[in-house]
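Each chain is listed here by its residues.
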Amino acid sequence: MFKTISVIGSGVMGSGIAQSFAVGGYSVIVNDIKQEFLNKAKKNIGENLDLLSKSGELSSEERDAAGERIHFTTDLKSAAENADLIIEAIPEVIELKWDLYNELARCKKKDAIVSSNTSTFPISKLTAHESFEGKFIITHFFNPANLVPLVEIVKKKDTNPKLVQSIKDLLLSIGKSPVVLKKEINGFIANRLQTALMREAFSLVGQGVADAEDVDKAITAGPGFRWAFVGPTRIADFGGLDTWKRVFDNIAPDLDKSEGAPELINQLVKTNKLGTKTGEGLFKYSGDEVQSQLKTRDNYFLKLGRIKKVNE
Ligand SMILES: NC(=O)c1ccc[n+]([C@@H]2O[C@H](COP(=O)([O-])OP(=O)(O)OC[C@H]3O[C@@H](n4cnc5c(N)ncnc54)[C@H](O)[C@@H]3O)[C@@H](O)[C@H]2O)c1
């Protein structure tokens with residue numbers, strides 16, 4: 001059913017999504033508003049494909065073939081008119097998305113499916129002006145989309161179950177791990193879980209309970225180590241629900257319950273300490289440290305992905 005996938009928006013997410021489909025054997029068209037953005041995406045995708053061939057994940061022929069399956073254009077019409085699935089990955093600004101959907105409705109194939117990579121907008125808001133006659137769905141990839149398997153699928157109440165199944169099958173065919181939400185909720189599943197945990201992480205650092213380094217290690221060497229293979233609800237079953245009842249009853253009253261961004265983040269943002277983009281956040285970064293940390297991260301993710309593929 002799906003042969004050609006168009007990705008609209010070639011930024012952080014769009015380039016990773018495009019790469020995932022090209023490696024999975026699909027023909028991909030990437031669209032952006034300026035050629036310079038497409039050039040940057042092409043370079044990033046090339047480097048990420050190199051990582052896959054250097055690590056043995058792809059042969060050099062497979063690497064080249066994946067690269068050749070991706071076409072780049074600033075012409076929205078030519079990107080949309082031949083696609084079976086159009087994935088929107090433009091900035092999280094509702095008016096921009098609505099304008100794009102109006103244009104897509106005019107130039108896409110009648111049966112083509114449109115999906116959004118939105119992180120925050122409910123599907124009912126996205127389709128407030130253009131419903132695409134039920135052929136619209138949310139496919140929420142995780143950054144870096146070329147390496148992280150999770151894709152959250154959000155449907156409308158009346159979305160045809162066959163459409164959901166076909167998107168799920170498509171994602172499985174490129175090695176992704178799709179999950180389907182039974183109903184709409186702000187933040188979907190993964191970002192709600194992640195935000196709950198990060199609120200407490202920042203609170204612990206802010207209260208001076210531990211350094212950021214040790215708070216991170218308490219996750220990567222502890223719960224995070226388990227979570228790559230055993231999720232939190234099953235961990236509770238293994239630990240015993242009577243034990244977990246006592247854990248919740250004893251600890252939950254003490255957890256941070258603030259309703260906005262943690263105070264520590266507010267303070268850092270006020271002083272323009274925004275993380276890697278300004279050279280300092282919770283940690284300091286100098287020279288090409290960020291690039292080398294990202295490379296190390298991607299190599300670990302690649303290895304973890306390989307272990308998960310073998311075991312699932
Ligand atoms: N960055 C993340 O970690 C992340 C994770 C999951 C989901 N998302 C979501 O994915 C979407 C894209 O985020 P991103 O981080 O890749 O953004 P980004 O800013 O890196 O990239 C967006 C790209 O879209 C292009 N663009 C803007 N308007 C366009 C238009 N009308 N037509 C074609 N291209 C257009 C921009 O030029 C830019 O290259 C957002 O909805 C975001 O919320 C982001």
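In what follows, the structure referred to is the one given above.
A quick note: this is a predicted structure, and the numbers were derived from the prediction, not measured.

1. Details of the sheet that holds strand β7 (residues 150-154)
Alright, step 1. Pairing is mixed in the open sheet, where eight strands are placed in the order β3-β2-β1-β4-β5-β6-β7-β8. One side of each edge strand has no neighbouring strand; the edge strands of this open sheet are β3 (70-73) and β8 (177-180). Recorded for the sheet is a direction-independent mean angle of 25° between the axes of neighbouring strands.
Alright, step 2. Across five bridges, the pairing between strand β1 (residues 4-8) and strand β2 (residues 27-31) is parallel.

2. Remarks on the nonpolar core
Alright, step 1. Among the nonpolar cores identified, the biggest contains 35 residues, and Phe 21 and Ile 167 are the most heavily contacted of them.
Alright, step 2. Of all elements in the fold, only β1, α1 (12-23), β2, α2 (35-54), β4 (85-88), β6 (136-141), β7 and α7 (161-173) reach the threshold of two or more residues within this core.
Alright, step 3. Not counting chain neighbours up to four residues away, the residues in contact with Ile 167 comprise Phe 2, Leu 85, Ile 113, Ile 137, Thr 139 and Ile 153.
Alright, step 4. Residues Ile 8, Ile 90, Tyr 101 and Val 114 belong to the second largest nonpolar core, which totals 24 residues.

3. Quick look at helix α8 (residues 190-206)
Because the α-helix completes a turn every 3.6 residues, residues three or four places apart line up on one side.
Alright, step 1. For α8, built from 17 residues, the straight-helix expectation of 24 Å at 1.5 Å per residue is met to within 8% by its first-to-last C-alpha distance of 24 Å.
Alright, step 2. Listing the buried residues of α8 in full gives Ala 190, Glu 200, Ala 201, Phe 202 and Ser 203.
Alright, step 3. The elements touched by buried residues of α8 are β7, α9 (212-220) and α13 (263-270).
Alright, step 4. In the stretch just after α8, Gly 208 is the one whose phi turns positive, near 75°.

Quick notes on the rules
Residues numbered from 1 in each chain as written. Predicted model: local features only at pLDDT ≥ 70, side-chain atom pairs only at ≥ 80, totals over all residues. Heavy atoms only, no water. Pairing = 2+ DSSP bridges. Helix = DSSP H or I, 4+ residues; strand = E, 2+ residues; numbered from the N terminus. Axes fitted to C-alpha atoms, helices over the stretch in contact; angles between N-to-C directions. Core = buried A, V, L, I, M, F, W, Y, C linked by side-chain atoms within 4.5 Å. Buried < 20%, exposed > 50% of the residue type's maximum accessible area, 1.4 Å probe, protein only. Contact = heavy atoms within 4.5 Å. Expected span 1.5 Å × (residues − 1).

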